[in-house]
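Observations on the model geometry
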Amino acid sequence: MRSNFPRWAIIGSVILMLIFAGLFMALKNISQPLPAPVMEKKAYPVENIIGQSVNGRNITAYGYGVGEKKLVFVGGIHGGYEWNSVLLAYNFMDYLQANPDIIPKNLSVIVIPSLNPDGVYKVIGKEGRFTVAEVPINSDLLKSGRFNADKVDLNRNFDCRFQATSTWQGNIVSAGSKAFSEPEALAFKNFVLKNNLSAVVFWHSQSNGVYASQCNNGILPGTTAITNAYSKASGYPAQVSFDAYAITGAADDWLSSINIPAVSVELKTHESIEWDKNLAGIKALFEYFGNK
Ligand SMILES: [Zn+2]
């Protein structure tokens with residue numbers, strides 16, 4: 001079929017089309033790598049499943065901030081027995097969500113709200129978040145929720161002075177067949193070894209104090225510093241050793257053995273998150289680690 005257009009017009013049209021197509025592709029390529037608009041809501045938190053419990057429940061770490069120094073807060077290693085430590089961690093997450101600018105630029109904050117989810121489930125009867133109203137008033141049930149589904153006290157299952165049986169108050173408790181025999185403790189160990197952590201805070205109840213960690217090598221200077229900072233701001237007394245009864249295989253003491261400063265903050269009660277005191281302690285740590 002013959003075209004009515006002269007050849008030069010056809011060639012010109014084709015060239016113009018190619019130029020427009022080229023421009024379109026170029027603009028498309030330029031627009032693709034542009035970063036998201038600054039006004040866009042921050043993608044908080046970054047969720048990272050670090051492992052599963054004995055009964056297959058996820059253990060999740062929630063990350064806030066982008067700084068190089070990583071500060072970790074852990075709730076619920078003693079499960080439903082210390083349910084207020086779990087609610088404190090969730091409350092802290094809500095606070096960070098609402099106040100992301102509170103985190104110094106050089107810091108990242110990672111919250112693991114529930115390190116023993118089976119122990120929480122045993123008491124509360126549901127997974128994830130819960131309210132105070134959902135906590136039963138049955139002291140035997142609450143005590144049984146301290147342990148994981150293997151009936152092991154997870155804060156006796158770490159590799160520092162480990163013994164297969166240990167103590168809790170006047171009781172003999174199982175610490176597991178060997179250090180890190182329990183999936184929850186192993187998940188936390190792997191998380192720690194994968195990340196270069198600046199410090200770790202465990203929330204417990206109800207011994208009312210900030211307890212420094214150590215593992216046969218004295219207290220790390222960094223541990224002394226954060227013990228004192230959290231204590232002074234929160235009002236929980238600083239304790240350089242837990243001497244109520246002998247503790248073996250504690251998570252914070254294992255961290256000390258690998259040179260990571262760690263403390264256990266014991267709330268004063270089993271029933272309240274004592275938010276104002278703990279927020280003051282958290283802010284003191286932000287100040288201590290911030291911009292250094
Ligand atoms: Zn505890």
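As the structure is a computational prediction, the values presented were derived from the model and not from experiment. (Residues numbered from 1 in each chain as written. Predicted model: local features only at pLDDT ≥ 70, side-chain atom pairs only at ≥ 80, totals over all residues.)

A few words on the overall build of the chain. If you tally the helices and strands in the chain, you get eight helices and 10 strands. Residues counted as buried form 43% of the 292 residues belonging to the chain. (Helix = DSSP H or I, 4+ residues; strand = E, 2+ residues; numbered from the N terminus. Buried ≥ 20, exposed ≤ 12 C-beta atoms within 10 Å, placed from the backbone.)

Here we come to the sheet that holds strand β3 (residues 69-74). Strands sit in the order β1-β2-β4-β3-β7-β10-β8-β9 across an open sheet of eight strands; the sheet is mixed. Every interior strand has two partners, whereas the edge strands, β1 (46-52) and β9 (238-239), have only one. In the sheet, strand β8 (residues 209-212) pairs with β9 via two bridges, with the strands oriented parallel. Note that in β9 the partner of Val210 across the bridge is Ala238. (Pairing = 2+ DSSP bridges.)

In this section: the environment of Tyr95. Examined against the element boundaries, Tyr95 turns out to sit in helix α2 (residues 83-98). Owing to 15 C-beta atoms within 10 Å, Tyr95 belongs among the partly exposed residues under this scheme.

Counting residues in hydrophobic clusters, the biggest one holds 70 residues, and the most contacted among them are Val74, Val111, Val200, Trp203 and Val263. Here Val263 is in contact with Val201, Val210, Tyr211, Ala212, Ser213, Thr223, Ile226, Thr227, Tyr230 and Asp252, once residues within four sequence places are set aside. (Core = buried A, V, L, I, M, F, W, Y, C linked by C-beta atoms within 7 Å. Contact = placed C-beta atoms within 7 Å.)

Moving on to the pairing of β8. Neither face of β8 is left uncovered, since the one carrying Gly209 and Tyr211 and the one carrying Val210 and Ala212 both have all their residues buried. Here β8 runs beside strand β10 (residues 262-267); their pairing, made up of four bridges, is antiparallel. Each residue of the ladder has a partner; that of Tyr211, found in β10, is Ser264. Traced from β8 through helix α6 (residues 221-234) to β9, the parallel crossover comes out right-handed. (Right-handed = clockwise from strand over helix to strand, strands pointing away.)

Time to look at the packing of α6 against helix α8 (residues 275-289). Here α6 crosses α8 at 140 degrees, and the two axes come no closer than 7 Å. By the criterion of interaxial angle, the relationship of α6 to α8 is oblique. Regarding α6 and α8, the two cross each other, and that crossing is right-handed. Residue-level inspection shows Ala225, Ile226, Ala229, Tyr230, Lys232, Ala233 and Ser234 of α6 in contact with α8, the latter providing Lys277, Asn278, Ala280, Gly281, Lys283, Ala284, Leu285 and Tyr288. Looking at the contact of α6 with α8, its residues break down into nine nonpolar, three polar and three charged. (Axes fitted to C-alpha atoms, helices over the stretch in contact; angles between N-to-C directions. Parallel < 35°, antiparallel > 145°, perpendicular 65-115°, else oblique. Left-handed = near helix turned anticlockwise from the far one by under 90°. Nonpolar A, V, L, I, M, F, W, Y, C, P; charged D, E, K, R; others polar.)

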